[in-house]
Amino acid sequence: MAKLVIHPEYIEDPQILVDICPFGAMELTDKGLQINAACKMCKLCVRKGPKGAVTFEEDAPKPSVDKSKWKGIAVYVDHVDGNIHPVTYELIGKAKEMAEVIHQPVYALFLGHNIEEQAHKLLHYGVDEVHVYDYPELARFEIEPYTAAFADFIEKIHPSSILTGATTVGRQLAPGVAARMKTGLTADCTILEMEENTDLSQIRPAFGGNIMAHIKTPNNRPQMATVRYKIMNAPEYQPEETGTIIDELINPEKLASHVEVLDIVKKPKEKMIENADVLVVAGRGVKKPEDLEMLQELADLLGGQIACTRPLVEAGVLPATTQIGLSGRTVRPKLIITCGVSGAVQFTAGMDHADTIVAINADASAPIFKVAHYGLVGDLYDVIPELITKVKEQRKAHV
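Sequence order as written defines the numbering, with residues in each chain counted from 1. Confidence filtering applies because this is a predicted model: local features only for residues at pLDDT of at least 70, side-chain atom pairs given and counted only at 80 or more, and all residues used for totals across whole chains, interfaces and linings. Note: side-chain values were computed over all heavy atoms of the structure, leaving out hydrogens and water.

Draft legend 1. Layout of empty space enclosed by the protein. Definitions used for this entry: grid spacing 1 Å over protein atoms alone; cavity, a set of points where a 1.4 Å probe fits but cannot get out; pocket, an open set with protein on both sides within 12 Å along at least 5 of 7 lines; lining residue, one with an atom within 4 Å of a point. Grid points are joined across faces, edges and corners, and a volume is the space filled by probe spheres set on the points. As enumerated under the stated definition, the model contains one cavity of 30 Å³ or more in all. Surrounding the largest cavity, 14 residues form its lining, Leu-4, Cys-21, Cys-39, Cys-42 and Cys-45 being those nearest its centre. By the convention adopted, Pro, Cys, Tyr, Trp, Phe, Met, Ile, Leu, Val and Ala count as nonpolar, Lys, Arg, Asp and Glu as charged, and the other residues, Gly among them, as polar. Taken together, the residues that form the lining of the largest cavity break down as 12 nonpolar, no polar and two charged.

Have a look at this one:
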């Protein structure tokens, strides 16, 4: 870690340094000259200020971790009341794929209460070991007891890499565990690759999807990453169980929580676009909110749902739960029809794993056509009514 250090003994007039900094990071306080959070580490004060007044210092390199002591890939089992979230199976599939590269086991970490039956389900997906922490204190997700049990698992098993779903729970739990273990965490990875030396390459969109950041933590273990639902491929269910279930013990006192849950209110069920087999997506090319009725009719005919891009959410036309993209939901339907969508990277990153992508756009050079399997160049106000008519004709022909 690097930092700038002020040496008052070399400073006659602090105002010189205040004037040098273009970001206003140098400020005079009751305690003297201070560097605030606006500092961009440009080191202009080091180069242009009085000699020796400010120095740039870096901490000594962290010693390399002994990788031989960290083995295996662990997957956190995301669940609510024992109902396992599908992202868990997707991460198991990816963990198995990466484990073949390093010839190491795949672990599943299951925290909860009365979860023995659900733990056996995981053995149908090729997990080598399911480590179960079954305690009343873990019946519902609470950050303190869950973090304590997670850390206990890491300290006992020493997994080299840990994968967690980017769910509501996973996005709270993973950072807490990473901080507890003083290791790194890469959020919302879209690509994971394992190297033979057990280093995990974590790739995710950055700067609004304009670049793909390639992240490694070679001097830290465990390596931690969260992955969105519908990104990876789940393994096939096997009729026979393989692997073993290991019941882990922990002092219940470590599972104490400073938060008292007074009540739990179930959220009303909603139709989530992540679970839809067919999606009709409204883009900026949709001119008026009432024009969505046309897209909704097409979606209804195909047994699907309507979704949208970010501009429509920002305009208040559709709710945020229908938005696809980096700042919205990740989807993987069997069929997705984009209507008036240009195809910015921020959007396509959330849907380019769909089985079939049909794009409708009047601009033949729109980026969406680069990811589409089928492209229709034309005004959506001409194309969609034609599609609706064709679908209705096909329905009548098969009656």
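Draft legend 2. Expanded view of the pattern of salt bridges. Salt bridge, as used here: a side-chain nitrogen of Lys or Arg that lies within 4 Å of a carboxyl oxygen of Asp or Glu. Summed over all chains, the structure comprises 13 salt bridges. Taking the shortest distance from any N to any O, the salt bridge between Glu-248 and Lys-156 comes out at 3.6 Å. Placement of the pair is Glu-248 in the loop between β16 (244-247) and β17 (278-282) and Lys-156 in helix α5 (residues 143-157), with a sequence separation of 92 residues. The cut-offs for exposure are 20% and 50% of the maximum accessible area for each residue type, with area from a 1.4 Å probe on protein chains only; residues under the lower value are buried, those over the upper are exposed, and the others partly exposed. Given the relative accessible area of 10%, Glu-248 is considered buried. Arg-329 is the partner of Glu-274 in a salt bridge, and the nearest nitrogen-oxygen pair spans 3.0 Å. Taken together, the residues Glu-274 in the loop between β16 and β17 and Arg-329 in the loop between α8 (310-314) and β19 (335-339) connect sequence positions 55 residues apart. One connected set of salt bridges, linked through shared partners, spans Lys-67, Asp-199 and Arg-221. Numbering of helices and strands runs from the N terminus, with a helix taken as a DSSP run of H or I at least four residues long and a strand as a DSSP run of E at least two residues long.

Draft legend 3. Molecular detail of the environment of Ser-365. Of note, Ser-365 is situated in the loop between β20 (356-361) and α10 (368-371). Judged by relative accessible area, Ser-365 falls into the exposed class, the value being 58%. Expressed as a C-alpha distance, the spacing of Ser-365 and Ser-342, which sit 23 residues apart in the sequence, is 9.1 Å. A distance of 2.7 Å separates the side chain of Ser-365 from the side chain of Asp-363, its partner in a polar contact. Think of a polar contact as two N or O atoms within 3.5 Å of one another; within protein, one of them needs to be a possible hydrogen donor and the other a possible acceptor, and neighboring residues in sequence only count if both atoms come from side chains.

Draft legend 4. Up close: the packing of helix α7 (residues 292-301) against helix α11 (residues 380-397). Lines fitted to the C-alpha atoms define the axes, with helices restricted to the stretch that makes contact. Angles between their N-to-C directions range from 0 to 180 degrees. Two numbers describe how α7 lies on α11: the axes approach to 10 Å, and their chain directions differ by 30°. Classified by the angle their axes make, α7 and α11 are roughly parallel. Crossing hand, α7 versus α11: left-handed. Taken together, the residues of α11 that come into contact with α7 (itself represented by Met-294, Leu-295, Glu-297, Leu-298 and Leu-301) are Leu-380, Tyr-381, Ile-384, Pro-385, Leu-387, Ile-388, Val-391, Lys-392 and Arg-395. A breakdown of the residues in the contact of α7 with α11 according to their chemical character gives 11 nonpolar, no polar and three charged. To sort the angles, those under 35 degrees are grouped as roughly parallel, those over 145 as roughly antiparallel, those from 65 to 115 as roughly perpendicular, and the leftovers as oblique. Crossing handedness follows the turn of the near helix against the far one: under a right angle anticlockwise gives a left-handed crossing, and clockwise gives a right-handed one. Contacts between residues were defined by any pair of non-hydrogen atoms, one from each residue, lying within 4.5 Å.

Draft legend 5. Local environment of the nonpolar core. Of all hydrophobic cores here, the largest spans 33 residues; its most connected members are Ile-73, Phe-110, Leu-122, Val-130, Leu-163 and Leu-192. With eight residues, helix α3 (residues 86-102) is the largest single contributor of residues to this core. Discounting residues that sit within four places of it in the chain, Val-130 has contacts with Ala-108, Phe-110, Ala-119, Leu-122, Leu-123, Thr-244, Ile-245 and Ile-246. Working definition of a nonpolar core: buried Ala, Val, Leu, Ile, Met, Phe, Trp, Tyr and Cys residues. They are joined through side-chain atoms within 4.5 Å. Grouped together as the second largest cluster of nonpolar side chains are 26 residues, Ala-148, Phe-150, Val-177 and Ile-250 included.

Draft legend 6. Expanded view of the packing of aromatic side chains. Ring pairs shown here join Phe, Tyr and Trp side chains whose ring centres sit within 6.5 Å, with only the six-membered ring taken for Trp; geometry is labelled stacked below 30 degrees between planes, edge-to-face above 60, and tilted in between. In this structure the tally under the stated criterion is five aromatic pairs. Centroid distance Tyr-76 to Phe-150: 5.8 Å. Interplanar angle 25°. Geometry classified as stacked. With Tyr-76 in strand β5 (residues 73-76) and Phe-150 in helix α5, this residue pair connects regions lying 74 residues apart in the sequence. One exposure class covers both Tyr-76 and Phe-150, and it is buried. For the pair Phe-141 and Tyr-146, a centre-to-centre distance of 5.1 Å together with 80° between the ring planes defines the contact as edge-to-face. Owing to a relative accessible area of 25%, Phe-141 belongs among the partly exposed residues under this scheme. Exposure remark for Tyr-146: the relative accessible area of 2% places this residue in the buried category. Grouping aromatic residues by their ring pairs yields a cluster made of Tyr-89, Tyr-125 and Tyr-237. For a Lys NZ or an Arg CZ to count as sitting over a ring, it must be within 6 Å of the ring centre and within 35 degrees of the ring normal. Over the aromatic face of Phe-56 sits the side chain of Lys-43, whose NZ or CZ is 4.3 Å from the ring centroid.

Draft legend 7. Inspection of a negative patch on the surface at higher detail. What goes into a patch is any residue over 30% in relative accessible area without a salt bridge, connected to like charges within 9 Å or, for nonpolar side chains (Val, Leu, Ile, Met, Phe, Trp, Tyr), within 5 Å. The protein chains shown are the only cover counted for residues, whose accessible areas, like all others here, come from Shrake-Rupley with a 1.4 Å probe. In summary, the charge assignment counts Lys and Arg as positive and Asp and Glu as negative, without counting His or the chain termini. Note on charges: their place is set at NZ of Lys, CZ of Arg, CG of Asp or CD of Glu. Together, Glu-116, Glu-117, Asp-134 and Asp-247 line one region of the surface with negative charge. Here Glu-117 lies in helix α4 (residues 116-122). Overall, Glu-117 belongs to the exposed group, its relative accessible area being 62%.

Draft legend 8. Up close: the environment of Pro-63. With respect to the helices and strands, Pro-63 occurs in the loop between β4 (54-58) and β5. Classification of Pro-63 as exposed rests on a relative accessible area of 63%. Taking the C-alpha atoms as reference points, Pro-63 and Lys-230, 167 residues apart in sequence, are found 37 Å from one another.

Draft legend 9. Region of interest: the layout of surface pockets. The space that makes up the largest pocket amounts to roughly 1,700 Å³. In terms of lining residues, the largest pocket is bounded by 41 residues, among which Asp-78, Val-80, His-85, Thr-168 and Val-169 are the most central. Contributing elements (two or more residues each) for the lining of the largest pocket: β6 (79-80), β7 (83-84), α5 and α6 (170-181). Considering each element in turn, the lining of the largest pocket owes the most residues, three residues, to α5. Grouping the amino acids of the lining of the largest pocket by side-chain chemistry returns 18 nonpolar, 10 polar and 13 charged. Each pocket or cavity is described by its volume, and for the second largest pocket that value is around 360 Å³. If you go around the second largest pocket, you meet 18 residues; those closest to its centre are Thr-309, Arg-310, Pro-311, Ala-344 and Phe-347. Along the lines of polarity and charge, the residues of the lining of the second largest pocket split into six nonpolar, 10 polar and two charged.

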